[in-house]
Number of protein chains: 2
Amino acid sequence: MFGRSYFCGEVTEEAIGEKVTLKGWVQKRRDLGGLIFIDLRDRTGLVQIVFNPDVSTEALSLAEKVRTEYVLDVKGTVIGRSEGSINENLKTGRIEVQAEELTIINEAKTTPFVIADKTDVSEDVRLKYRYLDLRRPVMFETFKMRHQVTKAIRDFLDGEGFLDVETPILTKSTPEGARDYLVPSRVHPGEFYALPQSPQIFKQLMMVGGFERYYQIARCFRDEDLRADRQPEFTQIDIETSFMSQEEIMGLIEKMMQKVMKDVKGMDVSEPFPRMSYEEAMSRFGSDKPDTRFGMELVDLSETVKDSGFKVFASAVANGGQVKAINVKGAATNYSRKDIDGLTEFVSVYGAKGLAWLKSEEDGLKGPISKFFGEEEQAAIQAKLEVSAGDLILFVADKKSVVANALGALRLKLGKELGLIDQSKFSFLWITDWPLLEFDEEADRYFAAHHPFTMPAREDLAKLESNPTSVKAQAYDLVLNGYELGGGSLRIFERDVQEKMFSVLGFTKEQAVEQFGFLLEAFEYGTPPHGGIALGLDRMVMLLAGRTNLRDTIAFPKTASASDLLTDAPGKVSGAQLDELHLSLNIKKDQ
Amino acid sequence: MFGRSYFCGEVTEEAIGEKVTLKGWVQKRRDLGGLIFIDLRDRTGLVQIVFNPDVSTEALSLAEKVRTEYVLDVKGTVIGRSEGSINENLKTGRIEVQAEELTIINEAKTTPFVIADKTDVSEDVRLKYRYLDLRRPVMFETFKMRHQVTKAIRDFLDGEGFLDVETPILTKSTPEGARDYLVPSRVHPGEFYALPQSPQIFKQLMMVGGFERYYQIARCFRDEDLRADRQPEFTQIDIETSFMSQEEIMGLIEKMMQKVMKDVKGMDVSEPFPRMSYEEAMSRFGSDKPDTRFGMELVDLSETVKDSGFKVFASAVANGGQVKAINVKGAATNYSRKDIDGLTEFVSVYGAKGLAWLKSEEDGLKGPISKFFGEEEQAAIQAKLEVSAGDLILFVADKKSVVANALGALRLKLGKELGLIDQSKFSFLWITDWPLLEFDEEADRYFAAHHPFTMPAREDLAKLESNPTSVKAQAYDLVLNGYELGGGSLRIFERDVQEKMFSVLGFTKEQAVEQFGFLLEAFEYGTPPHGGIALGLDRMVMLLAGRTNLRDTIAFPKTASASDLLTDAPGKVSGAQLDELHLSLNIKKDQ
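Not measured: the values here are computed from a predicted model. (Residues numbered from 1 in each chain as written. Chains lettered and ligands numbered in written order. Predicted model: local features only at pLDDT ≥ 70, side-chain atom pairs only at ≥ 80, totals over all residues. Heavy atoms only, no water.)

**What about the sheet that holds strand 10 (residues 233-242) of chain B?**
Residues and elements named next belong to chain B.
Next, step 1: Taken in spatial order, the 8 strands make up an open sheet running 6-9-10-22-21-20-17-11, and their pairing is mixed. Single-partner strands in this sheet number two, and they are strand 6 (163-164) and strand 11 (275-277).
Next, step 2: The strands that helix 4 (residues 137-159) touches are strand 6, strand 9 (213-221) and strand 10; relative to strand 9, the one it contacts most, it runs at about 150 degrees.
Next, step 3: In this fold helix 6 (residues 246-265) packs onto strand 10, strand 11, strand 17 (428-432), strand 20 (475-480), strand 21 (483-490) and strand 22 (530-536), with an angle of close to 160 degrees to the strand it touches most, strand 17. (Pairing = 2+ DSSP bridges. Helix = DSSP H or I, 4+ residues; strand = E, 2+ residues; numbered from the N terminus. Contact = heavy atoms within 4.5 Å. Axes fitted to C-alpha atoms, helices over the stretch in contact; angles between N-to-C directions.)

**Remarks on the relation of the copies chain B and chain A**
Next, step 1: Of the two same-sequence chains, chain B is brought onto chain A (RMSD 0.1 Å, axial shift 0.0 Å) by a rotation of 180 degrees. In short, the pair behaves as if placed about a two-fold rotation axis. (Least-squares fit on C-alpha atoms with pLDDT ≥ 70 in both.)

**Regarding the packing of helix 4 of chain B against helix 16 (residues 537-544) of chain B**
Residues and elements named next belong to chain B.
Next, step 1: For the pair helix 4 and helix 16, interaxial distance at closest approach is 10 Å and the crossing angle is 120 degrees. Taken together, the axes of helix 4 and helix 16 are oblique relative to one another. As helix 4 runs across helix 16, the sense of the crossing is right-handed. On helix 16, the residues touching T142, M145, R146, V149, T150 and I153 of helix 4 are L537, D538, M540, V541 and L544.
Next, step 2: Considering only residue class, the contact of helix 4 with helix 16 consists of 7 nonpolar, 2 polar and 2 charged. (Parallel < 35°, antiparallel > 145°, perpendicular 65-115°, else oblique. Left-handed = near helix turned anticlockwise from the far one by under 90°. Nonpolar A, V, L, I, M, F, W, Y, C, P; charged D, E, K, R; others polar.)

**Considering the interface of chain B and chain A**
Think of interface size as the accessible area that goes away when the parts come together; that is how it is often given.
Next, step 1: Each partner contributes to the interface: chain B provides 129 residues, whereas chain A provides 129 residues.
Next, step 2: Summed over both sides, the interface between chain B and chain A buries roughly 11600 Å², with carbon and sulfur atoms accounting for 58% of that surface.
Next, step 3: Looking only at chain B, the three residues that lose the most surface to chain A are B:F2, B:E166 and B:Y525, adding up to 7% of its buried area.
Next, step 4: Where chain B packs against chain A, one counts 18 salt bridges.
Next, step 5: The salt bridge involving A:E580 is made with B:R179; its shortest N-O contact spans 3.0 Å.
Next, step 6: Put simply, chain B and chain A have 65 residue pairs in polar contact (both at pLDDT 80 or more) between them.
Next, step 7: With 10 residues, helix 4 of chain B is the largest single contributor of residues to the side of chain B that touches chain A.
Next, step 8: Residues of the side of chain B that touches chain A, tallied by class, amount to 61 nonpolar, 29 polar and 39 charged.
Next, step 9: Strand direction decides the pairing type here: strand 23 (residues 583-585) of chain A and strand 23 (residues 583-585) of chain B, joined by 3 bridges, are antiparallel. Bridge pairing links A:L585 to B:L583 in strand 23 of chain B. (Buried area = accessible area lost by both parts, 1.4 Å probe. Salt bridge = Lys/Arg side-chain N within 4 Å of Asp/Glu carboxyl O. Polar contact = N/O pair within 3.5 Å; in protein donor to acceptor, adjacent residues only side chain to side chain.)

**Some details on empty space enclosed by the protein**
Next, step 1: A complete count under the given rule lists 7 cavities of 30 Å³ or more for this structure.
Next, step 2: Lining the largest cavity are 29 residues, with A:R154, A:I217, B:R154, B:I217 and B:A218 sitting closest to its centre.
Next, step 3: Of the residues assigned to the lining of the largest cavity, the class counts are 12 nonpolar, 7 polar and 10 charged. (1 Å grid on protein atoms, 1.4 Å probe; cavity = no way out; pocket = protein on both sides within 12 Å on 5 of 7 lines; lining within 4 Å. Points joined across faces, edges and corners; volume = space filled by probe spheres on them.)

**Overview of the domain arrangement of chain A**
Next, step 1: When its domains are assigned, chain A resolves into domain 1 (13-106) and domain 2 (294-419).
Next, step 2: Measuring from the centre of the C-alpha atoms in domain 1 of chain A to the corresponding centre in domain 2 of chain A gives 63 Å. (Domains from an automatic or database assignment.)

**Digging into the sheet that holds strand 2 (residues 35-42) of chain B**
Residues and elements named next belong to chain B.
Next, step 1: In spatial order, the strands read 1-2-3-5-4; together these 5 strands close into a barrel with mixed pairing. In this sheet, adjacent strand axes meet at a mean angle of 55 degrees when their direction is disregarded.
Next, step 2: Pairing between strand 4 (residues 71-80) and strand 5 (residues 95-106): 10 bridges, direction antiparallel. Paired with G80 across the strands is I95, a residue of strand 5.

**Re the pairing of strand 9 (residues 213-221) of chain A**
Residues and elements named next belong to chain A.
Next, step 1: Extensive coverage of strand 9 is indicated by the burial of 9 of its 9 residues.
Next, step 2: Alternating positions in strand 9 separate into two faces, R213, Y215, I217, R219 and F221 on one and Y214, Q216, A218 and C220 on the other, with burial throughout.
Next, step 3: Two elements, strand 6 (residues 163-164) and strand 9, share 2 bridges in a ladder whose sense is parallel. Each residue of the ladder has a partner; that of D164, found in strand 9, is Y215. (Buried < 20%, exposed > 50% of the residue type's maximum accessible area, 1.4 Å probe, protein only.)

**Some remarks on unusual backbone geometry**
Next, step 1: A cis geometry characterises the amide bond from A:A569 onward to A:P570, with omega recorded as 0 degrees.
Next, step 2: Relative to the assigned elements, A:P570 resides in the loop between helix 16 (537-544) and helix 17 (575-580).
Next, step 3: Even without being glycine, A:H582 reaches a positive phi, approximately 60 degrees.
Next, step 4: Here A:H582 lies in the loop between helix 17 and strand 23.
Next, step 5: In this structure, B:D444 takes a positive phi of about 55 degrees despite not being glycine.

**With respect to the pattern of salt bridges**
Next, step 1: One pass over the structure, following the stated rule, counts 104 salt bridges over all chains.
Next, step 2: A salt bridge links B:D133 to B:R130; the shortest N-O distance between them is 2.8 Å. With B:D133 and B:R130 both in helix 3 (residues 130-133) and 3 residues apart, the pair spans about one turn of that helix. The same class applies to B:D133 as to B:R130, namely buried.
Next, step 3: The salt bridge partner of B:R491 is B:E240, with a shortest N-O separation of 2.7 Å. With B:R491 in the loop between strand 21 and helix 14 (495-504) and B:E240 in strand 10, this residue pair connects regions lying 251 residues apart in the sequence. Here B:R491 matches B:E240 in class, with each residue buried.
Next, step 4: Connected through shared salt-bridge partners, A:R126, A:R130, A:D133, A:R136, A:R547 and A:D552 make up one network.

**Description of the side chain of B:Q204**
Residue and element names in this part refer to chain B.
Next, step 1: As for its position among the elements, Q204 is in helix 5 (residues 200-208).
Next, step 2: Taking relative accessible area as the criterion, Q204 reaches 0% and is therefore assigned buried.
Next, step 3: Only 2.9 Å separates the side chain of Q204 from the side chain of Q200, close enough to count as a polar contact.
Next, step 4: Not counting residues up to four positions away in its chain, the partners in contact with Q204 are E240, F453, R491, I492, F523 and H530.

**Observations regarding the nonpolar core**
Next, step 1: Counting 100 residues, the largest nonpolar core has A:V149, A:I253, A:M256, A:M257, A:F428 and A:L535 as the members making the most contacts within it.
Next, step 2: It is helix 6 (residues 246-265) of chain A that contributes the most residues to this core, 9 residues altogether.
Next, step 3: The contact partners of A:M257, leaving out residues within four places of it in the chain, are A:F273, A:F428, A:L478, A:L485, A:L535 and A:M540.
Next, step 4: Grouped together as the second largest cluster of nonpolar side chains are 99 residues, B:V208, B:F285, B:L478 and B:F523 included. (Core = buried A, V, L, I, M, F, W, Y, C linked by side-chain atoms within 4.5 Å.)

**Observations regarding the packing of aromatic side chains**
All names here are of chain A.
Next, step 1: For the coordinates displayed, the defined rule picks out 44 aromatic pairs over all chains.
Next, step 2: Aromatic pair F313 and F395: ring centres 5.2 Å apart, planes at 45 degrees, arrangement tilted. Note that F313 is positioned in helix 9 (residues 311-318) and F395 in strand 16 (residues 392-398), a separation of 82 residues in sequence.
Next, step 3: F313 sits in the buried class, given a relative accessible area of 1%.
Next, step 4: A relative accessible area of 1% means that F395 is categorised as buried. (Phe/Tyr/Trp six-rings, centres within 6.5 Å; stacked < 30°, edge-to-face > 60°.)

Take a look at the structure:
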């Protein structure tokens with residue numbers, strides 16, 4: 001215990017009568033009837049200290065100087081509390097410590113916010129005083145959980161023969177993928193390292209090197225404009241294996257997540273996790289990372305309504321689009337026309353030009369468009385959507401991608417609003433059979449949907465050049481509660497396939513060799529079939545800890561403008577530093 | 001086992017009769033009497049596969065196409081070897097696998113070097129083809145050991161309540177310490193992040209934040225010209241605690257190293273480790289990281305020889321210097337005058353102007369300088385150095401630092417040359433009572449011997465401004481077999497002491513606030529006493545694995561010019577990338 005008898009939160013009735021030494025921070029001081037009560041806090045919790053003139057006038061008079069967040073060393077005797085003063089809400093609420101000696105180790109100014117789980121101070125202030133923010137018990141508990149998650153993962157992978165190997169942070173910049181953070185070289189004028197977006201290439205090279213089972217809890221970097229759930233540096237659980245099939249890799253990860261859920265949350269989750277093709281996920285949930293904790297699935301009514309008198313529906317189908325709907329059970333009376341106008345505005349963000357609706361009443365479907373549907377059509381709509389009286393039906397008619405995005409987002413929004421989501425549930429799901437490539441209209445070229453090293457489905461190999469977008473990838477994403485935990489794939493391990501892939505992505509032979517020649521060459525020296533996965537640790541912890549802000553899972557996170565408000569990074573550097581790096585600033589006036 | 005029955009190196013006699021599937025690389029193929037023998041290798045070792053026409057002509061004929069490093073999938077039956085063909089040197093040497101089916105998974109060109117522990121290919125070739133180098137069993141075993149070391153450390157620290165917390169890689173550049181690697185910011189024109197030289201400040205802020213026990217296996221960066229045992233990025237076991245004394249921290253680390261030695265090497269090491277002050281280490285071994293696996297200590301003869309007729313000795317002492325010697329036991333006849341000339345040259349590198357010597361024969365001390373010493377002086381020399389007939393005594397007379405450096409280096413060199421070092425031994429040692437500050441003549445200022453956050457000895461605090469070099473630090477280095485494994489200290493946790501420290505280091509008040517204002521401010525909000533340590537993981541693995549090259553402990557290391565020969569990093573980037581970062585190149589012509 002190193003200089004203390006107990007942590008504050010761990011003094012129980014068993015210690016009654018013991019002389020103890022405690023160390024910690026002052027949560028609260030109360031003066032009452034000539035006594036002073038101090039709640040002393042450390043990372044385990046609180047314990048009440050009593051200063052009594054009958055025990056030590058010296059300690060009592062020193063205690064008068066004590067303020068909130070002072071650091072104390074208290075020696076005293078554990079005593080039971082009288083019946084009336086027992087606090088059942090506190091782990092240590094049946095005892096208190098009668099102080100005999102007090103040392104003020106360090107003082108504290110008044111903190112800019114109270115150290116408590118609930119706080120309404122702005123996040124900027126919390127980030128500037130992160131060292132105080134971290135004292136809030138809920139923050140400590142999150143980082144304790146993060147530790148437990150990585151411990152569970154490391155123990156599991158160690159047991160399966162995976163080696164923890166570190167890959168470089170100073171690597172080579174490559175043109176594919178997101179924007180790299182660059183590091184100028186002092187020794188090689190005009191040259192730069194890049195911070196890795198993932199250890200992808202190194203882990204594949206380790207497979208070429210016969211390591212067979214690798215993992216790393218790896219820092220990765222992306223210089224992108226940040227959204228709420230992105231950070232310039234983030235951490236992934238990075239895994240690669242040789243000679244294993246897609247099913248075997250998925251099975252391994254399921255067992256790993258089982259252990260995480262058991263060790264960290266005390267929950268049993270059953271495997272195999274459900275699997276769903278990308279196609280099916282988009283069709284049923286309008287999302288490639290569906291939250292399967294609730295229903296309200298998207299139902300395709302194109303066939304049912306394509307000949308109806310409602311021109312919007314009929315023409316959408318005629319133009320190759322779709323008409324789909326969700327059934328918001330029992331919500332007919334909850335949502336006024338004005339509410340539905342709000343939902344219409346919501347889906348317009350996703351490109352939907354409108355949101356048609358029907359309400360189911362005892363005597364049939366009502367609403368401005370009901371007149372367009374005959375009895376048979378109405379019956380078909382009710383049957384397909386399993387409509388009962390009181391349900392609200394919401395339709396989007398548009399091209400396929402808009403229908404999926406709009407109704408997928410609407411489903412999620414309504415699921416949350418209506419409390420349909422069981423927050424205590426953890427629903428894992430695999431999404432498989434991804435497209436290998438996406439065509440980007442703007443750039444007028446194909447991009448890898450995952451990354452350029454993903455193995456095409458063997459049976460689609462022949463179509464790689466003739467019909468690229470039809471090629472499926474041997475790829476799999478793990479989804480938890482509507483969030484993408486991460487994705488993996490089998491990798492290309494043959495030079496000719498990899499060259500073909502680069503060619504489809506628009507690389508000339510020379511460009512491919514210049515950027516990835518070492519990898520192409522490596523494939524010629526006996527490369528085993530291999531594959532792996534990378535899971536986002538920050539997001540995993542966020543979901544397991546029930547937090548909604550990724551920054552709460554990172555000890556020293558950056559803001560949306562990639563600043564550290566605590567240390568004030570980034571910052572200026574000296575001209576001498578720039579000279580050594582063979583650089584000068586080139587700042588455009590308008591910035 | 002995921003698609004295979006056994007790893008190659010783990011098929012034993014117990015498997016005889018079993019149908020197995022094995023996967024791996026071809027180590028060797030031999031054709032013998034119509035049969036083909038293949039040694040199949042994976043990361044666990046080798047197993048012999050036999051292709052026999054009586055079993056499968058198809059497999060046999062395919063086996064003819066197989067070359068070294070091909071990747072195979074072999075199905076067959078495990079059989080015992082005949083008495084004459086048992087290979088006791090191989091774990092699987094009592095069995096072989098009779099092949100029934102063979103699949104060539106991938107082919108291989110002839111590798112640029114043979115995949116074997118012993119190799120005489122240049123390190124540059126090994127680094128360019130690192131993926132082949134990593135196939136050499138000795139390399140795999142080193143990384144397996146590295147994994148075991150970190151696993152042991154993580155398990156130990158987890159058991160002691162330490163939380164693994166990640167600190168940022170994109171941090172703020174600070175002027176103290178080594179040269180930073182910089183990362184230009186795209187969002188903040190003209191500003192830069194720095195890669196951390198250590199997580200020092202963040203771990204201290206976590207202590208302010210009440211985390212109490214933190215560790216991280218942390219990547220650190222220094223843009224320095226590299227020596228053989230330095231890398232631009234390296235890994236340290238980074239630990240920080242609150243409320244613990246120096247002795248408690250040292251005790252904790254001893255227990256951690258005990259577990260590492262037990263888990264990884266199967267060795268029991270006893271604690272407490274020996275402790276030695278910096279002063280004593282320099283005096284007895286001429287080194288602040290003495291190799292205590294052998295004796296041959298430096299003996300101070302200044303008092304004995306100060307009045308002798310040998311002017312070199314007498315004047316060295318008269319000028320405030322020292323005369324010290326080492327006794328090279330039984331080496332009188334091994335070392336000719338020419339050999340000793342060589343040693344003289346060796347010590348001259350350390351500034352010694354000469355190396356005096358005496359040889360002990362049955363009838364007394366002999367050698368060119370023996371005539372300067374009277375009987376009494378000779379007897380005193382012999383007594384102090386415990387001289388027996390046949391010993392060689394080597395003297396250096398100079399100022400204290402030169403004597404220590406020259407004789408310290410000479411002692412190490414001779415210890416190795418004469419085989420005095422028991423290579424199976426692991427000698428841990430703490431060096432304590434370091435000076436807090438060093439005065440740099442060239443810069444004409446004080447530098448922190450450890451870092452600016454090290455706590456001065458409490459009793460020396462008053463001397464911090466009046467006599468800085470006399471102030472001792474509450475710091476401790478852990479030494480193993482003559483290498484510094486790492487160092488730690490108690491930290492300053494009071495604003496006024498930290499401000500005084502910055503002032504002694506030449507910071508103005510404004511500079512201190514500009515660079516470290518957030519830390520100074522943090523100290524005012526109830527900062528606990530804290531301290532910690534950082535141990536070099538790469539070096540620890542190097543010593544435990546019995547390697548001599550730090551690069552052999554890093555999967556993808558950099559060369560002395562900080563290049564990655566495999567991926568060819570660093571490299572050029574595009575003008576558009578530079579523009580986005582508000583930079584232009586500024587390369588001097590002469591470079």
